[in-house]
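Working through the structure, step by step
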Amino acid sequence: MHRRTRLALLFALGVLLSGCGSTPVAEDASPSQEEPFWRAEFTGAAATRPSETSWNTETGNKDAEGWGNHELQYYTDDAANSALDGSGHLVIAARPAPAGSDLPCYTRTRCPWTSARLTTEGKVALTRGRVEVRAKLPTGTGLLPAIWMLGDNGVEWPGQGEIDICEVVGGEPRTVYGTAHGPTYYNEKGIGDSATLPADASRAFHTYAVDKQPHRITWSVDGEPYFTLTPSKLPAKRDWVFEQDMHLLLNVAVGGDWPGPPDASTPSPARMTIDYVRFYGEGRA
């Protein structure tokens, strides 16, 4: 979800390297029996903002160059865009900006949408182990919901390292993309693969996960692995940057280089509903 101009060949490199294409998955899996070292279960009253003990809320658009992708949403810290629903979930909602809003945008004078971008940077990070996020993701033209990770090494992106746990883009409602980005493999050169859901990602909860072990990262949906990345699959230089703490990000983007603009069919509001987040293994919490 950072500075990409992906086209139809986005995952060609990943597919060639992994030796397989889109992998079907069946249904939501049972939770792991292992005890997580950190978890977010989102219990609390409706309209309560997520706890600042674990979560940061990033805001804006223009100064971040449309968040690197010429996106149309202005991220806010308003409960209308990110809050608990009172039923054990966190909801991130992209919605049209209120009439008369003065929200500066990179690609135009005013942003026509609002949304939210939450991170655990500086608060919670995974060093080695697995992150699981059980969620329903919005689907529709112009939408790009994402669950992803960035490195805490202090280096400017893409040297920072990025792991996209899952992205569902625009008009591909049943396709889940998982990708890694690093110093020489980023934007359309990102390395990854995809999995196929049995129905649109907005229809049911699924458990999206990454298992980050030394020199090996494996992506899965509902406990079914669909891609594994090792240093040997990287382009020349083999610049593997994932042996570090990495924090989590949750957001729903609207418009931009990859999904294209929203239209009259785009759901409003478009909701990402997160049931839980769990970190297993070693890290900071």
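Structural data are supplied above this passage.
Residues numbered from 1 in each chain as written. Predicted model: local features only at pLDDT ≥ 70, side-chain atom pairs only at ≥ 80, totals over all residues. Heavy atoms only, no water.

Here the focus is the overall build of the chain. The helix and strand tally for the chain stands at one helix and 18 strands. Considering only contacts within the chain whose residues lie at least 6 apart along the sequence, 75% involve residues at least 24 apart. About 11,400 Å² of surface is accessible on the chain, with carbon and sulfur atoms providing 49% of the total. (Helix = DSSP H or I, 4+ residues; strand = E, 2+ residues; numbered from the N terminus. Contact = heavy atoms within 4.5 Å. Areas by Shrake-Rupley, 256 points an atom, 1.4 Å probe, with all protein chains shown as cover.)

Inspection of every chain in the model, using the stated rule, returns nine aromatic pairs. Centroid distance Phe42 to Trp55: 6.2 Å. Interplanar angle 35°. Geometry classified as tilted. On the criterion of sequence distance, the pair formed by Phe42 in the loop between strand 2 (38-40) and strand 3 (56-58) and Trp55 in the loop between strand 2 and strand 3 is long-range, its members being 13 residues apart. When its relative accessible area of 8% is taken as the criterion, Phe42 is described as buried. (Phe/Tyr/Trp six-rings, centres within 6.5 Å; stacked < 30°, edge-to-face > 60°. Buried < 20%, exposed > 50% of the residue type's maximum accessible area, 1.4 Å probe, protein only.)

To continue, consider the nonpolar core. In this structure, Ile147, Tyr208, Leu248, Ile274 and Val277 are the most contacted members of the largest nonpolar core, which totals 53 residues. Aside from chain neighbours lying at most four places away, what touches Ile274 is Phe42, Gly88, His89, Leu90, Ile92, Val133, Arg134, Ala135 and Leu250. Counting seven residues, the second largest nonpolar core, distinct from the first, contains Trp67, Tyr75, Ala253 and Trp258. (Core = buried A, V, L, I, M, F, W, Y, C linked by side-chain atoms within 4.5 Å.)

Positionally, Ser54 belongs in the loop between strand 2 and strand 3. Ser54 sits in the buried class, given a relative accessible area of 13%. Residues within four places of Ser54 in sequence aside, it is in contact with Trp38, Thr119, Thr120, Lys123 and Val124.

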